[in-house]
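# Report on the structure
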Amino acid sequence: MTGISEQFGREDWSRHTPKEKARRFGIFAVCALAVFWALGSIEIIWAWVWDSPSQMADLFGRMYPPDTSNLGSILRVLWETVNIATFATALAVIVSLPVAYIAAQNTTPNRGTLWLGRLILVSSRSVNTIIWALLFVAIFGPGIVAGVVAIMFRSIGFIGKLLGEAIEEIDTRPVEALEATGASRFKVIAYAIVPQVMPTFWAVAILRWDINLRESTVLGLVGAGGIGIILQGAIDTFNWPEAATVLLAILALVVLGEIVSAFLRRRIL
Amino acid sequence: MSQHPDTWRKPPFIANALLRWAVYLGALAYFGWVAATMPIDWARVAQGIERAGRIFGGAFPPSFERGGLLIDGFLESLKIAILATVGGVALSIPIAFMAARNVAPLPVFYAGRAIIIIARSFHPVIVAIIFVKAVGFGPFAGVLTLVVYSIGFVAKMLAERIEEIDFGQVEAMRAAGAPYLSTLVYAIFPQIMPRQIGLTIYQLDSNLRASAVVGIVGAGGIGATLANAFGRYDYDFALAITIVIVAVILVSEAISGQIRKRIA
Amino acid sequence: MLKITDLVKSYGGGAPVLKNLDLTIEGESVVSIIGSSGAGKSTLLRCINRLVEPTSGSIVLNGTELTSLKGRQLRAARRKIGMVFQGFNLVDRLTVMENVQSGRLGYISTWAAIMRRYPKEDIRRAYELMERVGIAQYANTRADQLSGGERQRVGVVRALMQEPEILLADEPTASLDPKTSEQIMGLLRDLAGELKLPVLINIHNVTEARKYTDRIVGMRFGRIIFDDLPDALDEEAMERIYSGSPHADRGGDLREAS
C-alpha cells in the first residue's frame, strides 16, 4: 500500500479501498433493484394513487366536525378496552415467568425444557394478536373474553423472550458468590437472579401494557371486544363524524397510556 | 452485645404506609372486579371448543395446493414492505430532525413530535381501514398504512438518537467554519448512520410482519389471501398460509438480526 | 486445617493449570498467594470451594474430603468456607443487610429467605460485624450506592456471616485504590486474629502481602515454588516467581519495602 501512495503521491485520498467501493456499490445496487422490482410489478391502479390526496382530503372533510352525541357509550367501551389490556397484561406476566425461566439457557433445567420454552415463545410471538383473536372468537364467542385471551397469548411470547434474555445477560458474579456460601439453587435464584432481572421485568411489563393498549383498540374489528367494535360500526355505516370522535378518543387513550407508563417507569426504575 | 438490634425490616418500596396499602388494595380490588365481571359463558365455551375442533379438523392437513396464490400473496406483501420501508424511512429522516430537541427550534419540534405521536398512536389495522376507505382496496392502501407505521417507529427512534449525539463534533465543524450542510454530513450523519441502517432493516422486517395483518382488512398482500381463505372456510389453506407466514417471519427475523449484528 | 494434596486442574484437554500441587494451612495464619497472572492462583482458590471442579487430587478441610462431595453435602461444606471476591460480587440491587444475610442462605429456610424474615441472632450478628468493619449505618442502603472499599467490607461481612472455618480472598484489593486496599488488608488480618480464622489471600501486590500476612506462597505455572515467611522473600525469590512476566518490575516495590 505504501508503495502505491509513494508512486502516485499523497494528493489522492479515497475513504474506501476499491474492494470496499465495489461492495458498497453492490449493496446499493441490490437495494435499488429491489425497489424498482417492487414498484414495477406491484398491482396498483395508478389513477387511484394520483387521486388519493383529494380522496383523503374528502374523507377528513366528512369527519369534521366530530359527532360527540355518542360520547357516553364511547367512553364506557374505552374503559372496557383499558380493562382488556390491563387484565391481559397481568395474566401474561404471570404466565410468562415460568416460560422465561425455562427458555433462558442458564436457568433452564435441561435441554428438553429449553426447547419447550423456546417453542412456546416462538409460536406465541409469530402469530399476530388479530389472528389469535380470530381463533379465540371462534372458541369463546364474540366479546372481551376472546380479546383478553388473544392479547395474553401474544404477550406471553414478548414478555417471556425479553425476560429470558435478561436472565441470560445477568452478572454471574453474585451468582457465583452465593453458590460459594452454600445456598441452594432456589435461594440463589431468589437472591442473585431475581433482583437483577426485576428492573427489566417491570420495564417489559409496562412496555407491553402500553403496546397492549394499542392492540386492544383493534380487537373489536374481529369481534373480540373493545372500542374497535364502535369504530367498525361507524365506518361501515359511513358515520364519519362519529368515527372521528372514536379516533380522537383512541388518540387520547394512547397518549394518556404513554404518560401513565412513563410515570410508572420513572417511579419504579 | 445487647446494644445491637435484633430485628430488621426491608425498607418498603412505598414509604407511606397508607399509600402503600391503598395501592395494594386498589390493585387487588381492580383485578378482582375485572375478573368477576368477565362474561365467560361456559356453555358457549364448550360449544366453542367443539367448533375449534371442527376448525382444526378442517385445517389438517394444511393444503399447499394453491401454492401459486400463496406465493403471489407473499410477493405482494414483500413489495408492500419494501416500498413502505423506503417511503417511511425517507419521510422519517426529516421528521426525526424536526422532532429532535437539540437541533430543531421549538415550534418545529412540537410539530415533529405531534406527527410521531399520531403515527404511533393508531394501530396499523385502524390506519389501514381508513386508507382502504379513502383509496380503495389493494396494496396501495397497504403501502400508505405501513409508511405511517414506519414513521411512528423510525422517526421516534432516530429522533432519540439525534438527541443523544455528541455535540462536540458539531462544534468542531462549526469552529472550522463549515457551512450548515457540511456540518450535517460530517458531524451528524456519521453519528446516526449505523442506527439508521439498523432501524431500516428492522423496519423492513417489521413491515413484512405487519403487512400480513393489514391485509385482513383489505390492504393487500398475504393477509388478504388469508382473510379470503378464512371467509371461504378453507381452513386447510388458511393453516398453510399461517404456517408459511410464521416461517417467513422467523427467517426474516433471523436475517435482519444477523445483518444488524454485523453492522453494529 | 486445610490440606491440599496432589491437586491437578486442567481445562478441557489443555495443559494443566495446577500441576500436582500440595499445600497445607494450619491454625489461624494469614497466608498470601502471589504469582503472575495465569499462574493458577485463582483456580487454586476456586478449587477449594469447588466453584472450579478439580481434575484430580485431594482437598481436606478439618477432616472433610471436599473433592468428592455432591449436592446437599457440597453446600453444607461451602457454608464453612467464606469467600471474598475481587469484584465484590454483591447483588447490587439489594440492600446491604440483604447482601450480608445472603451469607446465611445455607442455614435458613427458603420461606425465611424469600420473606426476608431473618433469625434474630443472625440480625444481631450482622449488626455486630457491620459495626466492626464500619458499615452499620448502611444497613438499609442499596449495595450499588456504596464506594468500592465499603462494598468490599460488605463482601467480607457476608463471608463472615457464614461462620466459616476458613476464609478465601481472591484478589480482594485489586479493584480498590491503594489507601482503601491497605485498609481492607489490615481488616482481614485483624479479623483473622479476632475470629481465630485461617485466611488465604490471592494478591498481586507484594508489598501488601509482606506487610499483612504471616506466610507467603509463590506460584508459577501451576506449581508452588516458594513457601516461607515474608522476610524470606528476597530478590532472588521474586525473580523466580515473576521472571519474564510483566510483574517482574515488582522488584521495585520490594526494594522500597525493605
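Reading the values: the criteria
- Residues numbered from 1 in each chain as written.
- Chains lettered and ligands numbered in written order.
- Predicted model: local features only at pLDDT ≥ 70, side-chain atom pairs only at ≥ 80, totals over all residues.
- UniProt positions renumbered as here; feature names shortened; annotations may be inferred.
- Helix = DSSP H or I, 4+ residues; strand = E, 2+ residues; numbered from the N terminus.
- Rg over C-alpha atoms; globule rule 2.2 N^0.38 Å.
- Contact = placed C-beta atoms within 7 Å.
- Nonpolar A, V, L, I, M, F, W, Y, C, P; charged D, E, K, R; others polar.
- Pairing = 2+ DSSP bridges.
- pLDDT = per-residue confidence, 0-100.
- Axes fitted to C-alpha atoms, helices over the stretch in contact; angles between N-to-C directions.
- Buried ≥ 20, exposed ≤ 12 C-beta atoms within 10 Å, placed from the backbone.
- Parallel < 35°, antiparallel > 145°, perpendicular 65-115°, else oblique.
- Left-handed = near helix turned anticlockwise from the far one by under 90°.

Chain C is annotated in an unreviewed UniProt entry as Phosphonate transport system ATP-binding protein of Salipiger thiooxidans.

With an unreviewed UniProt entry as reference, chain A is termed Phosphonate transport system permease protein, source organism Salipiger thiooxidans. The heading Sequence similarities (unreviewed entry) in the UniProt record of chain A holds the text "Belongs to the binding-protein-dependent transport system permease family." Among the UniProt annotations of chain A, the heading Subcellular location (unreviewed entry) holds the following wording: "Cell membrane".

Along chain A, the regular secondary structure elements total 11 helices and 0 strands. Overall, chain A shows an N-to-C arrangement of helices and strands of α-α-α-α-α-α-α-α-α-α-α. Its C-alpha atoms give chain A a radius of gyration of 26 Å, clearly above 18 Å, the size a compact globule of 269 residues would have. Along the longest, intermediate and shortest principal axes, the C-alpha atoms of chain A span 80 × 70 × 35 Å.

Another aspect to go through is the UniProt feature "domain: ABC transmembrane type-1" (unreviewed entry) in chain A. Within this structure's numbering, the places UniProt gives as "domain: ABC transmembrane type-1" (unreviewed entry) are residues 78-261 of chain A. The span residues 78-261 of chain A is 82% helix and 0% strand, and its two end C-alpha atoms sit 18 Å from each other.

Contacts between the two partners involve 42 residues from chain B and, on the opposite side, 41 residues from chain A. At the level of secondary structure, the elements contributing two or more residues to the side of chain B that touches chain A comprise α1 (17-36), α2 (42-59), α3 (67-98), α4 (106-121), α5 (124-135), α6 (139-164), α8 (180-214) and α10 (235-263) of chain B. At 7 residues, the largest contribution of residues to the side of chain B that touches chain A is made by α2(B). Looking at side-chain class alone, the side of chain B that touches chain A contains 30 nonpolar, 6 polar and 6 charged residues.

All names here are of chain C. With respect to topology, 4 strands assemble into an open sheet ordered β2-β1-β4-β5, the strand pairing being antiparallel. This sheet does not close on itself; its edge strands, each paired only once, are β2 (18-25) and β5 (64-65). Where strand β1 (residues 2-9) and β2 come together, 5 bridges link them in antiparallel fashion. Of the residues in β2, the one forming a bridge with Lys9 is Leu18.

This part is about the confidence of the model for chain C. All names here are of chain C. A residue-level look at chain C finds 94% of positions with pLDDT of 70 or above and a mean pLDDT of 86. For the stretch residues 247-258, pLDDT sits under 50, and the model shows 16 contacts to residues farther than four places along the chain or on other chains. Per the prediction output, this complex has pTM 0.82; the corresponding ipTM is 0.82.

Right, let's get into the sheet that holds strand β6 (residues 81-84) of chain C. Residues and elements named next belong to chain C. With mixed pairing, the 6 strands of this open sheet are ordered in space as β6-β7-β8-β3-β9-β10. Of all strands in the sheet, those bounded by a partner on one side alone are β6 and β10 (223-228). Between one strand axis and the next, the sheet turns through 20° on average, direction left out of account. In this structure, strand β9 (residues 215-220) lies alongside β10, joined through 5 bridges in antiparallel fashion. Bridging across to β10, Ile216 finds its partner in Asp228. Of the strands in this sheet, β6 and β7 (166-170) are in contact with helix α6 (residues 148-161), which crosses β6 at around 175°.

Attention shifts here to the environment of Gln3(B). Residue and element names in this part refer to chain B. Take Gln3: it is sitting in the segment before α1. For Gln3, a count of 8 C-beta atoms within 10 Å corresponds to the exposed category. Between the C-alpha atom of Gln3 and that of Lys133, which follows or precedes it by 130 residues, the distance is 78 Å.

With that settled, the discussion passes to the UniProt feature "transmembrane region" (unreviewed entry) in chain A. Residue and element names in this part refer to chain A. According to UniProt, the positions carrying the feature "transmembrane region" (unreviewed entry) are residues 25-49, 84-104, 130-153, 188-207, 219-238 and 244-264. Each end of residues 25-49 is marked by a C-alpha atom, and these two atoms are 32 Å apart; helix forms 84% of the span and strand 0%. Between the end C-alpha atoms of residues 130-153 there is a gap of 11 Å, over a span that is 88% helix and 0% strand.

Moving on to the packing of helix α7 (residues 144-168) of chain A against helix α9 (residues 185-215) of chain A. Residue and element names in this part refer to chain A. Put simply, α7 and α9 touch, their axes get as near as 9 Å, and they point 150° apart. With respect to their mutual orientation, α7 and α9 come out roughly antiparallel. With respect to the hand of their crossing, α7 and α9 are arranged in right-handed fashion. The residues of α9 that touch α7, namely those facing Ile151, Ser155, Phe158, Ile159, Leu162, Leu163, Ala166 and Ile167, are Ile193, Val197, Thr200, Phe201, Val204, Ala205, Arg208, Asn212 and Glu215. For the contact of α7 with α9, the class distribution of residues is 12 nonpolar, 3 polar and 2 charged.

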